[in-house]
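Coordinate analysis (summary)
Letter by letter, the chains look like this.
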Amino acid sequence: MQYDALKTFVTLVEVKNFTKTAEKLLMSQPSVSLHIKNLERDFQTKLFERSPKSLKITPTGELLYDCALQMISIYEQTRQSILEHHHSIKGELKIGASFTIGEYILPTILLDLQNKYPSLKLEVVIGNTEEIVQLVRLFQVDIGLIEGQTNEKDLSVHAFMEDELFMVSSNCHRLAKKGKVEISDLQNEYWITREVGSGTREYLDHVLRSNGLKAKSFLTISSNQGIKETLIRGKGLSLLSHSVIERDVQQKSLSIVKLKNQSFIRTLSYVYSPIMKDKKNVKIFIEALSEVYTNK
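Summarised in this report is the structure supplied together with it. What you are looking at is a predicted structure, and each value in this text was computed from that prediction instead of being measured.

1. Examining the layout of surface pockets
Volume-wise, the largest pocket comes out at about 700 Å³. In terms of lining, the largest pocket is formed by 26 residues, of which the most central are Lys7, Ile72, Glu76, Glu92 and Lys94. Looking at the lining of the largest pocket, the elements that each hand over two or more residues are α1 (3-15), α2 (18-25), α4 (59-86), β3 (91-98) and β4 (120-127). By residue number, the principal contributor to the lining of the largest pocket is α4, which donates nine residues. When its residues are assigned to classes, the lining of the largest pocket shows 10 nonpolar, six polar and 10 charged.

Set out below in structure tokens:
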């Protein structure tokens, strides 16, 4: 396995410049060129289209890029596993988390892990569910935490807790002033919601569709905090996780719209590639998830 060549190739794809690649990898520019030539020779294909002003990856280069990410990850995982076999828990654990989980649920787990394993370097990437699944698939994170569903058959998906969502609004919204409202009262409302690809947006779309509800308009914001700030200042509704709104409701800056005979429960899951199953740091993280949420 030409680890150095593949690492150079991946870096060049990402920075799109030979000089910057050499600087980033602390090597000479001729060395970068030699690594690329050797890969092109070995795979008998052209990996880049080059011109004085641009560097464009070829279709076969795209194929190699996806595979190279996986090969590099497997190599580094194996190296770390051997290191961990001889030493205490250390090295890195890269976690991908969707926004609700990453911002409101994950911090407690991270603090517990940091206390138990101070030599373990934790790195968290936050994105929507769709983005996290892709990071897991490309081995750019070791494990992902998602709110929505995934159809990726090559990944292993496991539920770790249930999450209740609530309809919320500003305190002055007409529905917030009522006792309990019917689901039909949500017809033709303004909705402030997450972007397509978010697990929360996917769930809201399901609720509206399954109850035959039409929206007057959608305001899309790719941030839970942005949605809450907009709700406080506006007239719309949103569907958000209990963990996202708990503090705001307690502080009386947002109100829950209480629906008759309706509850909204979804499952939160962790997802990983099967080759990560035996990685010690991944096992430790899954155990931490189980310990924190066994009784929830």
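2. Focus: the pairing of β4
As defined by bridge partners, β3 adjoins β4 across eight bridges and the pair is classed as parallel. The residue of β4 that forms the bridge with alanine 97 is isoleucine 126. You can see the chain leave β3, run along helix α5 (residues 99-116) and come back into β4, and the turn it takes is right-handed.

3. Focus: the nonpolar core
Core analysis: the largest hydrophobic core is formed by 26 residues, its most contacted members being Ile95, Leu106, Ile143, Leu145, Phe160, Tyr270 and Phe285. In this structure isoleucine 143 touches Lys94, Ile95, Gly96, Val136, Tyr270, Val271, Tyr272, Val282, Phe285 and Ile286, once residues within four positions along its chain are discounted. Counting 22 residues, the second-largest nonpolar core is a separate cluster that includes Val10, Val32, Leu64 and Tyr65.

4. A short note on helix α8 (residues 224-233)
Asn224, Ile227, Lys228 and Leu231 are the residues of α8 that are buried. The buried residues of α8 occupy an angular sector of 95° when projected down its axis, which confines them to one face. If you follow the buried residues of α8, they end up packed against α5, β6 (156-169), β7 (189-193), β9 (237-241) and α9 (242-250). Capping the start of α8 is the job of one residue whose side-chain oxygen sits 3.3 Å from the backbone nitrogen of glutamine 225: serine 223.

5. Some words on the packing of α1 against helix α3 (residues 29-43)
Here α1 crosses α3 at 105°, and the two axes come no closer than 9 Å. Here α3 runs roughly perpendicular to α1, going by the angle between their axes. Of the residues in α3, those touching α1 at Asp4, Ala5, Leu6, Thr8, Phe9 and Leu12 are Val32, His35, Ile36 and Leu39. A per-class count over the contact of α1 with α3 returns seven nonpolar, two polar and one charged.

6. Observations concerning the environment of alanine 97
Within the element layout of this structure, alanine 97 appears in strand β3. Given the relative accessible area of 0%, alanine 97 is considered buried. Once you skip the residues sitting within four places of it in the chain, alanine 97 turns out to touch Gly102, Leu106, Val125, Ile126, Gly127, Ile132 and Leu145.

7. A look at the packing of aromatic side chains
Scanning the model with the defined rule gives four aromatic pairs in all. With a centroid separation of 6.5 Å and 90° between ring planes, the pair formed by tyrosine 203 and phenylalanine 264 is classed as edge-to-face. Taken together, the residues tyrosine 203 in helix α7 (residues 199-210) and phenylalanine 264 in strand β11 (residues 264-272) connect sequence positions 61 residues apart. The exposure class of phenylalanine 264 is buried, given its relative accessible area of 6%. The ring of phenylalanine 218 carries arginine 201 above its face, with NZ or CZ at 4.9 Å from the centroid.

8. Some details on the side chain of arginine 266
For arginine 266, the location among the structural elements is in strand β11. Given a relative accessible area of 4%, arginine 266 falls into the buried group. Polar contacts involving the side chain of arginine 266 include one to the side chain of glutamate 147, which spans 3.3 Å. There is a polar contact of 3.2 Å between the side chain of arginine 266 and the side chain of threonine 200. Setting aside residues up to four positions removed in sequence, arginine 266 forms contacts with Thr100, Glu147, Met161, Glu162, Asp163, Leu165, Gly199, Thr200, Tyr203 and Ser241.

Conventions used here
Numbers given to residues run from 1 along each chain, matching the order in which its sequence is written. Totals for whole chains, interfaces and linings use every residue, but because this is a predicted model, local features are given only for residues with pLDDT of at least 70 and side-chain atom pairs only at 80 or more, for both listing and counting. Excluded from the side-chain calculation are hydrogens and water; included are all heavy atoms of the structure. The rule is simple: put a 1 Å grid over the protein atoms alone, call a set of points where a 1.4 Å probe fits but cannot get out a cavity, call an open set with protein on both sides within 12 Å along at least five of seven lines a pocket, and count a residue as lining if it has an atom within 4 Å of a point. Grid points are joined across faces, edges and corners, and a volume is the space filled by probe spheres set on the points. Comment: elements are numbered from the N terminus, with helices defined as DSSP H or I runs of at least four residues and strands as E runs of at least two. Note on residue classes: Ala, Val, Leu, Ile, Met, Phe, Trp, Tyr, Cys and Pro are nonpolar, Asp, Glu, Lys and Arg are charged, and everything else, Gly too, is polar. A strand pair is defined by DSSP finding two or more bridges across the two strands. Here the term right-handed applies to a crossover when the path leading from its first strand over the helix to its second strand runs clockwise, the strands being oriented away from the viewer. We define a nonpolar core as any set of buried Ala, Val, Leu, Ile, Met, Phe, Trp, Tyr and Cys residues linked to one another through side-chain atoms lying within 4.5 Å. Exposure categories follow from relative accessible area, calculated using a 1.4 Å probe and restricted to protein chains: below 20% of the type maximum is buried, above 50% is exposed, and the middle band is partly exposed. Residue contacts are defined here by distance: any two heavy atoms, one from each residue, within 4.5 Å place the two residues in contact. In this context, the arc is that of the directions from the helix axis out to the C-beta atoms. Here a polar contact means two N or O atoms within 3.5 Å. Within protein one must be a hydrogen donor candidate and the other an acceptor candidate, and residues neighboring in sequence count only if both atoms are side-chain atoms. To obtain an axis, a line is fitted to C-alpha atoms, over the contacting stretch when the element is a helix, and the angle between two such axes runs from 0 to 180 degrees between their N-to-C directions. Any angle that falls under 35 degrees is termed roughly parallel, while one over 145 is termed roughly antiparallel, one within 65 to 115 roughly perpendicular, and all others oblique. Within 6.5 Å between ring centres, the rings of Phe, Tyr and Trp (the latter by its six-membered ring) count as paired, and their orientation is classed by plane angle as stacked under 30 degrees, edge-to-face over 60, tilted in between. Over a ring means this: the NZ of a Lys or the CZ of an Arg is within 6 Å of the ring centre and within 35 degrees of the ring normal.

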